[in-house]
Structure formats: structure tokens, C-alpha cells
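Residue-level structural notes
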Amino acid sequence: MTIPAGWTARRPTLDDVPAILTVVHAADTFAVGYPDFDAEDVRDALTAPFVDMARDSWLVTDPDGVAVGWTILSNPTGVGREFVEVYVDPDRGADLRASLLARLLDRVAERAAERGLPALTARTAVFAPETRWAEELVEAGFTRLKRYIRMTRSLADLPAEPALPAGVTIRPLRADDEADLRLFHRIFDTAFRDTPDYEPVDFDAWREQLPSYGKVWDEWFLAEVDGEPAGALQSSDQALDQDMGWVRTLSVLPAHRRRGVGAALLRRAFAGYAAKGRVEAGLGVDLANPTTPVTLYRSVGLTEARWTDMYERSVPAAGV
């Protein structure tokens, strides 16, 4: 379906943030049960590195000028895969989604050509209620790649942290210390190298991304075993509006896995969240990642809350 007569598809500006947020809130409430974005998130998406509002995003309004759909591409590193985001008001804009997806895929093809690549991989997420969206993606050439699960636990009556395993120490990251940041990045980069979906990012590019995760630096931790670097935990403020502490990444070096380092880092983070009055802790799990066993997360009290499927297709460069 194309855009209906009398409706408008145009490029957004920052003045459209409130209208976009209304669409995103409607879409999120349908997909996950609650609004999962705020105005700053929308603004950050529109002004993110490697995003050009005038080329990588569309806003659709009905004949009364009310926003009913928004699309945007994202690629936080500027390399590798393109993420396709298509938000619609489920009551008024559901019929628009396939058309908006087609526009974004055309732009992915252009971006591939601009980067001198024969093709780019496009990905997008599907939540459990979005059965129609899953069908439209398959019709557009996407296939289901893998499943993520969101795990949470209550922080009420959090038990006292058990004694650390022998030789293990944990301390907060010193965010103003260049050496500490480089150590954190090295642990993260090394730990994720053996995962099937990891796209390496050098230290400078990684550091540029840090503001997008918030400034909860006292919720980032480094672990050592017998004085040697062993693991790192990165928190994010993405779930603060739900009064939740969020573990964005948990990294344990291969030589120190299955020695209690990961569980100790998680328990330390949970204690920190609880001390700030948060009511829950959460994280996302890539079920295709062999280094993140769900059994570890269950052992510290996390349980499955919902799932998200990731869909993918290759998009040939424009002109190919």
C-alpha cells in the first residue's frame, strides 16, 4: 500500500519530536505494553552519528496533520548492519508499515552504494503482538534470524551479596581515568570477539558512543581475579523511566569464565540499583550467543519476561 491520498510523507525536523513521540508511544504500548521512549530518545535518534534526517527518516501525517507513522535508519558505528525502525499508530497507521519499510530499504540500498559495498544487511525487531508486521517482513524478503529474551528480577528484599569467589575483586569504573576506560573497552572487545554477531569497534569510536548510554558511571564495574583483569559490567539508563536498573553488557574474559565472575558482577550491580531505590533489574539475552548462558542469569534471580525476534535481509546496493 502507498501513502493514502490526502496524507503526507515528509522528512522530519527536530520541531516534530513531540508528534513523533506520540506515534512511538502508541506503537510501544501495543508492542510491549508501555511507552518505551521519551523525547530525548527521539531527538537522539534523529541526531545520531551516521543519521541524516533529510535522507534517513520519514514522518507520515493524516489529512488533519496528525502524525501516524515514523521511520528511521540507525547504524551507531557507521559500519556493518543497518537497523530499520518503522513505528506506526496501530489504530490509524497499521496499513502504512509495509510502504514505509519499502522506502527505508531503498535508502539502505543507497547507503550501500555510498559506502562502495555490493550490499548491506538490514535488520529489524518484531515483538510478540506484532504478527502482521512479521508477515509483512517475510513478504519483503526478510527471514527470522534469532530471538532475544528480556529477563528481569525484583529488587525488593534483595538478599545480601554472598562472599566473592576466591581471588575475585570488583570495583566501580573510574570514568575520568583514560586507562580505566581503555581497560573496560579491552575486556568488552575481547570477551565479545567469540560471539557470532559482534562488530568490533575501536576505542575512539566506542568512547564517542558512551553518552548515548547515560551517565550512570557508578553503575559500571570492573572485576579482577588475583589482580588480573577478568570482567566488566556496563549499565545503561534506558529503563530509568520504569524505575529499573539495566545491564547493557556483561563481559567476562574467556580464561575467567565459569568461575563466578559474571554472577558476582551482576549481584554487585543489583545491589547498586537497589541502593538507589530502583524496584527492578533487567537485561536482554541473545539466545544465539553461546557465551551468555541463561542459566547464569537464572542463578542470580532473573526470569524471562518477554521475547523479541530479529529479522534480517540483504539489500543490494542501488544500481547493482
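Refer to the structure above for everything that follows.
Residues numbered from 1 in each chain as written. Predicted model: local features only at pLDDT ≥ 70, side-chain atom pairs only at ≥ 80, totals over all residues. Heavy atoms only, no water.

**Notes on the pattern of salt bridges**
Overall, the coordinates contain 30 salt bridges when judged by the stated rule. Residue Glu114 is joined to Arg55 by a salt bridge in which the shortest nitrogen-to-oxygen separation is 2.8 Å. Placement of Glu114 in helix H4 (residues 97–114) and of Arg55 in helix H3 (residues 53–56) is noted, with a sequence separation of 59 residues between them. A relative accessible area of 46% means that Glu114 is categorised as partly exposed. Arg193 is the salt-bridge partner of Asp189, the closest N and O atoms lying 3.1 Å from each other. Here the salt bridges share partners, and the residues they tie into one network are Arg55, Asp56, Glu82, Arg107, Glu110, Arg111, Glu114 and Arg115. (Salt bridge = Lys/Arg side-chain N within 4 Å of Asp/Glu carboxyl O. Helix = DSSP H or I, 4+ residues; strand = E, 2+ residues; numbered from the N terminus. Buried < 20%, exposed > 50% of the residue type's maximum accessible area, 1.4 Å probe, protein only.)

**A few points about the pairing of strand E2 (residues 57–61)**
Burial analysis of E2 places five of its five residues in the buried class, the great majority of the element. Residue alternation in E2 divides its side chains into two sets, Ser57, Leu59 and Thr61 and Trp58 and Val60, and both sets are buried. Across five bridges, the pairing between E2 and strand E3 (residues 67–74) is antiparallel. By the bridge assignment for E3, Val60 is matched with Gly69. From the end of E2 to the start of E3, which pair antiparallel, there are five residues, and Gly65 there has a positive phi angle of about 85°. (Pairing = 2+ DSSP bridges.)

**With respect to the nonpolar core**
If you look at the biggest cluster of nonpolar residues, it comprises 28 residues, and the most contacted ones within it are Leu233, Leu266 and Phe270. Elements supplying a minimum of two residues to this core: strand E6 (143–154), strand E7 (168–172), strand E8 (221–225), strand E9 (228–236), strand E10 (244–252), helix H8 (261–275), strand E11 (280–286) and helix H9 (294–299). When residues of this core are assigned to their parent elements, the largest contribution, eight residues, is made by H8. Ignoring anything within four residues of it in the chain, the contact list for Phe270 reads Arg153, Leu155, Leu158, Val247, Ala281, Val300 and Leu302. Grouped together as the second largest cluster of nonpolar side chains are 25 residues, Leu120, Ala122, Phe142 and Tyr311 included. (Core = buried A, V, L, I, M, F, W, Y, C linked by side-chain atoms within 4.5 Å. Contact = heavy atoms within 4.5 Å.)

**So, the sheet that holds E10**
With mixed pairing, the 12 strands of this open sheet are ordered in space as E1-E2-E3-E4-E5-E12-E6-E11-E10-E9-E8-E7. Looking at strand neighbours, the two that pair on one side only are strand E1 (8–10) and E7, the edges of this open sheet. Taken pair by pair, the neighbouring strands of this sheet meet at an average axis angle of 25°, ignoring direction. Against the sheet, helix H1 (residues 17–32) engages E2, E3, strand E4 (82–88), strand E5 (119–127) and strand E12 (303–316), with an angle of about 85° to E3. On the sheet, helix H5 (residues 131–139) packs against E4, E5 and E12 and is oriented at approximately 160° with respect to E5. (Axes fitted to C-alpha atoms, helices over the stretch in contact; angles between N-to-C directions.)

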